[in-house]
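Here is how the chains run, residue by residue.
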Amino acid sequence: MTQYKIPVIPGDGIGPEIIREGRKVLDTAGERFGFDIEWVEYPHGADHYLKTGELISEDTLKELSQYKAIYFGAIGDERIKPGILEKGILLNIRFYFDEYVNLRPVKLLEGVWTPLKDKTARDIDFVVVRENTEDFYIGIGGRAKKGKSKKTLEVMRNMYSVKFGLDIDSDSEEIGYQLGLISKEGTRRVIRYAFELANDRNKHLSSVDKANVLSDIYGFWREEFTSIAAEYPDVKTDFNFVDAITMWFVKNPEWFDIVVAPNMFGDIITDLGAMIQGGLGLAPGGNINPEGTSMFEPIHGSAPKYKGQNKVNPIATIWAGALLLDQLGEKDASSAIVKAIEHNIVNGEVKTYDMGGESKTSDVGSDIARLVKEI
Ligand code: IPM
Ligand code: MN
């Protein structure tokens, strides 16, 4: 029997409830497919921060680096200023482990209601590959009042580091600014990953940018995309401005197969993607470093107002667990879980409120676990 040790960070709000169901389903998949999971719990999140002042320490990150995959619930809490936990824990993990691919399937499962009239499971089935370590997410910027000032800003990544020394001279009352950056290395690796995926699927890759306005950063993205495209002559490609692609996702989602996007546009378009696949309760994500430590999570947040009610939909988290197993090489278990989710939905008997039902979070988890055994 294969043994896996998987660190799990349930986090805040509804995190613990949905992770509990994810574990239930993954444990059951293990029984069926011959592996055993030892879960290693980590307390990081709002309570831990309020108690200890620690977000996530270098030591903990080092310890986590021995694992191939982390299972993550959600973070965010009303008692803490927005951004602290997100940057200190979630983005910290993505950057520390250089999880440069944020893989977000946008797949309308059979039986799920979509707000797009006349579109079916056949029309909505693509994958967004969101760059996950650069762009406007590097988190450097500042504020400056009228007059002269200096500022040093630094970006540290595994592959490179960049230092900006700014001499600011402004006669505006006050300015706020934020730098976005993409590197050649960082851009090429994520675009290459997307081409490989496209090559394995329907050989169609769409790129997202805003090169018409932000031409230094996204003109560069386009150049690198074009250069890598030359290595994949069988893959059909197109460029899309981010504003236009939001329109096409709604009007013609069937056009898309693999979509590759810089970090911030990828963030925005995948919330839209989540809605057309039936809602945030159904949208999983993987933060992947193909050679290192990856992390799997639902793309929704911690929904504090539902905390402790056993009410929210655990499917996004269970599906994220399936992506995790896929990353570990447990392909059969992974696809059995996705099938079990589909059966649960098609049966239509055990569903949470967001899907028009009255079942509890734990009922849905148990039903999907049962189906994993039967499929
Ligand atoms: C997401 C979230 C995060 C992001 C936040 C919570 C930092 O919106 O995973 O899409 O912007 O990446
Ligand atoms: Mn987001």
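Bear in mind that the values here come from a model prediction, so they are computed numbers and not experimental data.

Peer 1: Sorry, what's going on with the pairing of strand 6 (residues 135-156) here?
Peer 2: Looking along a regular strand, one sees the side chains alternate between the two faces of the sheet. With 17 bridges connecting them, strand 6 and strand 7 (residues 161-181) associate as antiparallel partners. Within strand 7, the residue paired with Lys-151 across the bridge is Leu-166. From the end of strand 6 to the start of strand 7, which pair antiparallel, there are 4 residues.

Peer 1: Help me understand the layout of surface pockets, please; the structure alone is not making it clear to me.
Peer 2: Empty space left among the atoms is revealed by rolling a probe the size of a water molecule over them. In this structure, the largest pocket encloses a volume near 580 Å³. What lines the largest pocket is a set of 21 residues, and nearest its centre among them are Leu-103, Pro-105, Val-127, Leu-323 and Asp-326. Contributing elements (two or more residues each) for the lining of the largest pocket: strand 4 (101-107), strand 5 (125-131), helix 5 (184-200), helix 9 (315-328) and helix 10 (331-347). Per element, the largest residue contribution to the lining of the largest pocket is 5 residues, and it comes from helix 9. For the lining of the largest pocket, the residue count by class is 12 nonpolar, 3 polar and 6 charged.

Peer 1: Even after reading the chapter, I still don't get the domain arrangement of the chain, so can you show me in this structure?
Peer 2: It is common to give the size of an interface as the accessible area that goes away when the parts come together. As assigned here, the chain comprises domain 1 (1-108 + 281-375), domain 2 (114-134 + 182-277) and domain 3 (141-180). Of the residues lining the interface, 21 residues belong to domain 1; the matching set on domain 2 comes to 25 residues. For the pair domain 1 and domain 2, the summed buried surface comes to about 2000 Å²; carbon and sulfur atoms form 56% of the total. Our count for the domain 1 to domain 2 interface comes out at 2 salt bridges. Its salt-bridge partner being Asp-125, residue Lys-107 comes within 3.8 Å of it at the nearest N-O pair.

About the thresholds
- Residues numbered from 1 in each chain as written.
- Chains lettered and ligands numbered in written order.
- Predicted model: local features only at pLDDT ≥ 70, side-chain atom pairs only at ≥ 80, totals over all residues.
- Heavy atoms only, no water.
- Pairing = 2+ DSSP bridges.
- Helix = DSSP H or I, 4+ residues; strand = E, 2+ residues; numbered from the N terminus.
- 1 Å grid on protein atoms, 1.4 Å probe; cavity = no way out; pocket = protein on both sides within 12 Å on 5 of 7 lines; lining within 4 Å.
- Points joined across faces, edges and corners; volume = space filled by probe spheres on them.
- Nonpolar A, V, L, I, M, F, W, Y, C, P; charged D, E, K, R; others polar.
- Domains from an automatic or database assignment.
- Contact = heavy atoms within 4.5 Å.
- Buried area = accessible area lost by both parts, 1.4 Å probe.
- Salt bridge = Lys/Arg side-chain N within 4 Å of Asp/Glu carboxyl O.

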